[in-house]
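# Fold and contact review
Read off the chains here:
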Amino acid sequence: MRLRIIVAAVLTFSLSGCGQKYVLDGKVYTSKEEAENAAAVERSQYLARLAPLPWPLSSRSVVIAYPSEKKFYSTKVSIAKSIGRSDTEESVRGVMLYRDMYRNYASLAEVIEKKNIFKASEKVVFDRDANVEPSDDKDVIVLVLAESASAHDQFYYLSKRNGRQAIMVDAGLPTVAQRRDSLLDYIKTVALQ
């Protein structure tokens, strides 16, 4: 399955019954705050227990590039407007799913660095386009935001050797941690190529 960027790889929120409920790893939360706290704790605990590799798998460095919050939210507003909705950046920022999605995108750089897959890593946050190119000794992981309601955000792995590859994850795994591990396994695989 394609990586629905850490959208599918991170949180699933659902509406059920009369009140809004939020679901994370099979646990139901009745308030937005409770669910956001649980997601933050999950991210923090995942990072704390993530075991680094004893040595980097790749002798190359990596640049992890993702859009700024402003770019992320303005893109989500553009998509909403393209399907006739009147969302504003403020209303989109109020959607817990989007806030958590962005937090997970941003945390990927920290996860990759701690895992010690590459000899070095650098984070680039961009407002327009990433404009980061791979070289002989540097690969790039970049998040491309969906531009239509029928598309999804996608991370890509760029290397001079193999070009551009969509980063895949097993979105069918039951927990957020397992999906993150799947994402890291894919990144480890392409880093060795």
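Okay, so let's go over this structure.

What counts, and where the lines are drawn
- Residues numbered from 1 in each chain as written.
- Predicted model: local features only at pLDDT ≥ 70, side-chain atom pairs only at ≥ 80, totals over all residues.
- Heavy atoms only, no water.
- Axes fitted to C-alpha atoms, helices over the stretch in contact; angles between N-to-C directions.
- Helix = DSSP H or I, 4+ residues; strand = E, 2+ residues; numbered from the N terminus.
- Parallel < 35°, antiparallel > 145°, perpendicular 65-115°, else oblique.
- Left-handed = near helix turned anticlockwise from the far one by under 90°.
- Contact = heavy atoms within 4.5 Å.
- Nonpolar A, V, L, I, M, F, W, Y, C, P; charged D, E, K, R; others polar.
- Core = buried A, V, L, I, M, F, W, Y, C linked by side-chain atoms within 4.5 Å.
- Buried < 20%, exposed > 50% of the residue type's maximum accessible area, 1.4 Å probe, protein only.
- Pairing = 2+ DSSP bridges.

## Comments concerning the packing of helix 3 (residues 69–82) against helix 5 (residues 96–115)
- Closest axis-to-axis distance for the helix 3/helix 5 pair is 11 Å, and the angle between their directions is 140°. As far as their axial angle goes, helix 5 and helix 3 are oblique. Crossing angle aside, the handedness with which helix 3 passes helix 5 is right-handed. Where helix 3 approaches helix 5, its residues Glu69, Phe72, Tyr73 and Lys76 are matched on the opposing element by Tyr98, Arg99, Met101, Tyr102 and Tyr105.
- Split into classes, the residues belonging to the contact of helix 3 with helix 5 amount to six nonpolar, no polar and three charged.

## Considering the nonpolar core
- Ranked by size, the top nonpolar core spans 33 residues in total, and within it Ile112, Phe118, Ile141 and Ile187 carry the most contacts.
- Residue assignment for this core shows that the elements contributing at least two residues are helix 2 (32–49), strand 4 (58–67), helix 3, helix 5, strand 6 (138–144), strand 7 (154–159) and helix 6 (176–191).
- With seven residues, the single largest contributor to this core is helix 5.
- Apart from residues lying up to four places away in sequence, Phe118 is in contact with Pro56, Ser58, Arg60, Ser61, Val62, Ile112, Asp139, Tyr157, Ile187 and Ala191.
- The next biggest cluster of nonpolar side chains, apart from the first, holds 10 residues, and it includes Val63, Ala65, Val132 and Val142.

## Digging into the pairing of strand 8 (residues 163–166)
- Relative to strand 8, strand 7 runs antiparallel, the two being bridged by four bridges. Bridge assignment links Leu158 to a residue of strand 8, and that residue is Arg164.
- From the end of strand 7 to the start of strand 8, which pair antiparallel, there are three residues.

## Quick look at the sheet that holds strand 7
- Across the sheet, five strands lie side by side as 5-4-6-7-8; this open sheet has mixed pairing. Of all strands in the sheet, those with a lone pairing partner are strand 5 (118–126) and strand 8, marking the two edges. Here the strands of the sheet are splayed against their neighbours by 20° on average, with no regard to which way each runs.
- Sheet topology note: the strand 6/strand 7 ladder contains five bridges and is antiparallel. Across the sheet, residue Leu143 finds its bridge partner in strand 7, namely Phe155.

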